[in-house]
Amino acid sequence: MTSIQHILLSAIEATANEKELEWVKTKSNSDVKAIQIAFVSAPRFIRKVAIRIDEKVLHEAVPDWQIEEWTLERLVRVYLLLHIPSDQSEEYVKNIETLFDTAEINELVALYSALPVLSYPEKWLFRATEAVRSNMGVVFDAIGFGNPYPFLHFSELAWNQLVLKCIFNDKPIHLIVGLEKRANRKLAETLSDFAHERWAADRKVPAQVWRLVTNFMNDTILADLDKLFQSNDIQNQTAAALVCSETTFPGAESLLENYPQLRASVQKGQLSWKQLEVHQLCYV
Amino acid sequence: MCNKHSEIQQNPSHFEGSAEEKVTAQHVQANFMDYIKDMKFFDPHIHMTSRTTDDYQALADAGVVAIIEPAFWLGQPRTGLATFKDYFSSLVGWERFRSSQFGIKHYCTIGLNSREANNEPLAEQVMEILPLYLYKEGVVGVGEIGFDDQTPAEEKYYRWQLDLAKEANLPVQVHTPHRDKRKGTERSMAIALEHGIAPNMVIIDHNNEETVKSVLDQGFYAAFTIYPFTKMGNERMVEIVKQYGSERIMINSAADWGISDPLAVAKTAALMKMKGISDHDIKMVTYQNAIDAFAQSGQINVEDFENNTVIDQSKTFNGNTILRGGQQPRIDKNAIVIR
Ligand SMILES: [Zn+2]
């Protein structure tokens, strides 16, 4: 048994009743066909109750993988996937692909949730970008949030699509694993363009997205910050003050000096991106 | 799959009632919402794949809280397995999601429809993948299957799918033919019994006055497809409930790509109310009986829709409101300014 199988089984044991545990143990030791059917039919045998998991141990094995909000049935599905034999790459990929091809919504969620622990991670790149293209909210969320797979494997292009689509759909970008580490110039410039479009339509941009421009400032973005300062919206102003205080871009410091109150607040450490991490966004 | 294209040709007006019935129909059409306040509906046969989001909105507004979408014929024959697979996947995936955006719980039945059963090489392949879908969450039966032209191929795959249903312990939703209906219905029931399936696990669909008595007498569920402004939707359905009561009878819209009305269940409830049918009987035929029949699959949890829940899996899965995937914002269609 691999260490990740072990960790997940412990979590299952901590949550499942005797009958469920028996089912999981029997099915996970069956042949591929039976494991596939078990993956599909799991909700018939496993409850959707909240799980208990030792996060510390989990994150030693798979950093940043957020599974504490999963239900038992989702966890069991991922656990079952870890029992599909992976020694033959071609056969393995075919077996997983069959599940993707025929999946209903909750199965897709489980499959995408499992990407960080599936074998041959490079084989799932196309699938993962398909989830980013998905219009099904929970499917997008499964790849986008608390999932280290994009951070570890996405190209810059795919990464930027993930972040942009998240912002576009008013979803909380701070739940994306590795958000700051993978910030890049192209993304910063696209965000600026995106903000201009939204402003032209008299709509807002969630304030926390500006955290992604700090290290990639240019004159256009500096002008955007000025607009934020003047917007009469405390969240926008907070974002602008934070960027100005964090960036080394010339002109940012003097821009901040025009707003002494905000400058004082940011210097005293009273402002943080955390304050702008909004979960429930309205349709603006 | 209700073959209404032929009816459309025969009855372009789609209204066969008397002058008096027409007045009633117009009244129901204009005022049905007044009669069904606080009622909840379950439409056990509706093909939302063929409908627009406006229909979902209208269903939600009319009190339809849950629906079943049977797998059917899309209006032209499929030519390959992949399109079947994508269709089945959409019934448990995209369509389910689309429905959830309007707070409507979406279930489906999965099966090889009778018409396409006649393409045997393709039918063989479809039978191969059916088990992968039948065990899925929210799949509440095998359907809609049965006879259309009553060919040997149709019979072969009907029997085969009855065995799958028995093995998976799933209810069966049986489409009955439009031509030679009475005999086709009797034959469908006899074969189901022959395969050892309990009659209470079988929902015989598209009944009329000629078939209903035998269906109920033998212990099957009897479903009626309502086209509200033909005679069936008006006096006939009310008369059937008056005559046979509400036990094991359910009504559905079977709305699809033909002329049909997704609000047929709600409107028929209004008509029943007008005609003095009791609230109890109305509830049985527009809600409860369908739930009782299909809940035998073990896949219906009434808490998912009984108390006006908003979204299903998102809530269960994440407990985090933003992760719901976005309830559709309400759009005011009367507004002139579009923002
Ligand atoms: Zn139909």
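Residues numbered from 1 in each chain as written. Chains lettered and ligands numbered in written order. Predicted model: local features only at pLDDT ≥ 70, side-chain atom pairs only at ≥ 80, totals over all residues. Heavy atoms only, no water.

1. Observations regarding the overall build of chain B
- Looking only at helices and strands, chain B has 13 helices and 8 strands in total.
- Counting only residues that meet the buried cut, chain B has 59% of its 339 residues in that class.
- Excluding contacts between residues fewer than 6 apart, the proportion of contacts in chain B whose partners are at least 24 apart in sequence is 76%.
- Accessible surface, chain B as shown: approximately 13300 Å² in total, 50% of it carbon and sulfur. (Helix = DSSP H or I, 4+ residues; strand = E, 2+ residues; numbered from the N terminus. Buried < 20%, exposed > 50% of the residue type's maximum accessible area, 1.4 Å probe, protein only. Contact = heavy atoms within 4.5 Å. Areas by Shrake-Rupley, 256 points an atom, 1.4 Å probe, with all protein chains shown as cover.)

2. Quick word on the overall build of chain A
- When helices and strands are counted, chain A shows 16 helices and 0 strands.
- Considering only C-alpha atoms, chain A reaches an extent of 70 × 35 × 30 Å along its principal axes.
- Every one of the 284 residues in chain A was classed for burial, and the buried ones make up 55%.
- Long-range contacts, defined as pairs at least 24 residues apart, comprise 70% of the intrachain contacts of chain A with a sequence gap of at least 6.
- Each charge class in chain A was averaged separately, 29 positive and 37 negative side chains, and the resulting centres sit 4 Å apart. (Lys, Arg positive; Asp, Glu negative; His and termini not counted. Charge placed at Lys NZ, Arg CZ, Asp CG, Glu CD.)

3. Notes on the domain arrangement of chain A
Residues and elements named next belong to chain A.
- Assigned domains of chain A: these are domain 1 (1-154) and domain 2 (171-284).
- The distance between the C-alpha centroids of domain 1 and domain 2 comes to 36 Å.
- Of the residues lining the interface, 12 residues belong to domain 1; the matching set on domain 2 comes to 8 residues.
- Summed over both sides, the interface between domain 1 and domain 2 buries roughly 800 Å², with carbon and sulfur atoms accounting for 63% of that surface.
- For the interface between domain 1 and domain 2, the tally reads 1 salt bridge.
- With a closest N to O distance of 2.6 Å, Asp141 and Lys171 form a salt bridge.
- Where domain 1 touches domain 2, the interface holds 6 residue pairs in polar contact (both at pLDDT 80 or more). (Domains from an automatic or database assignment. Buried area = accessible area lost by both parts, 1.4 Å probe. Salt bridge = Lys/Arg side-chain N within 4 Å of Asp/Glu carboxyl O. Polar contact = N/O pair within 3.5 Å; in protein donor to acceptor, adjacent residues only side chain to side chain.)

4. Here's the deal with the packing of aromatic side chains
Residue and element names in this part refer to chain B.
- Summed over all chains, the structure comprises 24 aromatic pairs over all chains.
- Ring geometry for Phe72 and Trp257: centres 6.2 Å apart, planes at 20°, overall stacked. Here Phe72 is found in the loop between strand S2 (64-70) and helix H4 (81-92), whereas its partner Trp257 is found in the loop between strand S8 (249-252) and helix H11 (264-274), with 185 residues between them in sequence.
- Looking at Trp257, the relative accessible area reads 30%, which means it is partly exposed.
- Here Tyr157 and Trp160 contribute two aromatic rings whose centre-to-centre distance is 5.9 Å and whose plane-to-plane angle is 15°, an arrangement assigned as stacked. With Tyr157 and Trp160 both in helix H7 (residues 152-168), this residue pair falls 3 residues apart, about one helical turn.
- The exposure class assigned to Tyr157 is buried, which follows from its relative accessible area of 0%. (Phe/Tyr/Trp six-rings, centres within 6.5 Å; stacked < 30°, edge-to-face > 60°.)

5. Details of helix H9 (residues 137-144) of chain A
- Burial runs high along H9(A): 8 of the 8 residues are buried.
- A:Gly146 sits one or two positions beyond H9(A) and adopts a positive phi of about 65°.

6. Quick look at unusual backbone geometry
- The omega torsion of the bond from B:Gly143 to B:Glu144 falls at -20°, within 30 degrees of zero and hence cis.
- Relative to the assigned elements, B:Glu144 resides in strand S4 (residues 139-146).
- Although it is not a glycine, A:Asp202 adopts a positive phi angle of roughly 65°.
- One can find A:Asp202 in the loop between helix H12 (185-200) and helix H13 (219-229).
- Backbone geometry at B:Ala254 places phi at a positive 45°, although glycine is not the residue there.
- We classify B:Ala254 as buried; its relative accessible area is 0%.

7. Topic: the pattern of salt bridges
- One pass over the structure, following the stated rule, counts 40 salt bridges over all chains.
- When the shortest N-O distance is used, the salt bridge between B:Arg78 and B:Glu116 registers 2.8 Å. Of this pair, B:Arg78 sits in the loop between S2 and H4 while B:Glu116 sits in the loop between strand S3 (105-110) and helix H6 (120-134); the two residues are 38 residues apart in sequence, bridging distant segments of the chain.
- With relative accessibility at 7%, the residue B:Arg78 sits in the buried group.
- Salt-bridge contacts for B:Asp148 lead to B:Arg115; the nearest nitrogen and oxygen are separated by 3.5 Å. Of the two residues, B:Asp148 sits in the loop between S4 and H7 while B:Arg115 sits in the loop between S3 and H6, which places them 33 residues apart along the sequence.
- On the accessibility criterion, B:Asp148 (3% relative accessible area) is buried.
- Each of A:Glu73, A:Arg77, A:Glu104, A:Glu107, B:Arg96 and B:Lys136 takes part in one network of salt bridges that share partners.

8. Considerations on the sheet that holds S8(B)
All names here are of chain B.
- Taken in spatial order, the 8 strands line up as S1-S2-S3-S4-S5-S6-S7-S8 in an open sheet, and their pairing is parallel. Both outer strands of the open sheet, strand S1 (41-43) and S8, are each paired with one neighbouring strand and no more. For this sheet, the mean angle separating the axes of adjacent strands, direction not counted, is 25°.
- With 3 bridges connecting them, S3 and S4 associate as parallel partners. Among the inter-strand pairings, Ile110 is bridged to a residue of S4, identified as Val142. (Pairing = 2+ DSSP bridges. Axes fitted to C-alpha atoms, helices over the stretch in contact; angles between N-to-C directions.)

9. Remarks on the side chain of B:His45
- Along the chain, B:His45 turns up in the loop between S1 and helix H3 (53-62).
- Here the side chain of B:His45 touches B:Glu144 through a polar contact of 3.1 Å, side chain to side chain.

10. Some thoughts on the packing of helix H2 (residues 18-28) of chain A against helix H3 (residues 32-41) of chain A
Residue and element names in this part refer to chain A.
- The interhelical angle for the contact between H2 and H3, taken along N-to-C directions, is 145°, at an axis separation of 9 Å. The segment H2 lies against H3, with Trp23, Lys27 and Ser28 engaging Ile35, Ala38 and Ser41.
- Grouping the constituent residues of the contact of H2 with H3 by class yields 3 nonpolar, 2 polar and 1 charged. (Nonpolar A, V, L, I, M, F, W, Y, C, P; charged D, E, K, R; others polar.)

11. Regarding the nonpolar core
- Of all hydrophobic cores here, the largest spans 184 residues; its most connected members are A:Leu8, A:Trp65, A:Trp210 and B:Phe88.
- In terms of residue count, the dominant contributor to this core is H6(B) (9 residues).
- Residue-level mapping places this core at the junction of two domains, with at least three residues from each of domain 1 (1-154) and domain 2 (171-284) of chain A. (Core = buried A, V, L, I, M, F, W, Y, C linked by side-chain atoms within 4.5 Å.)

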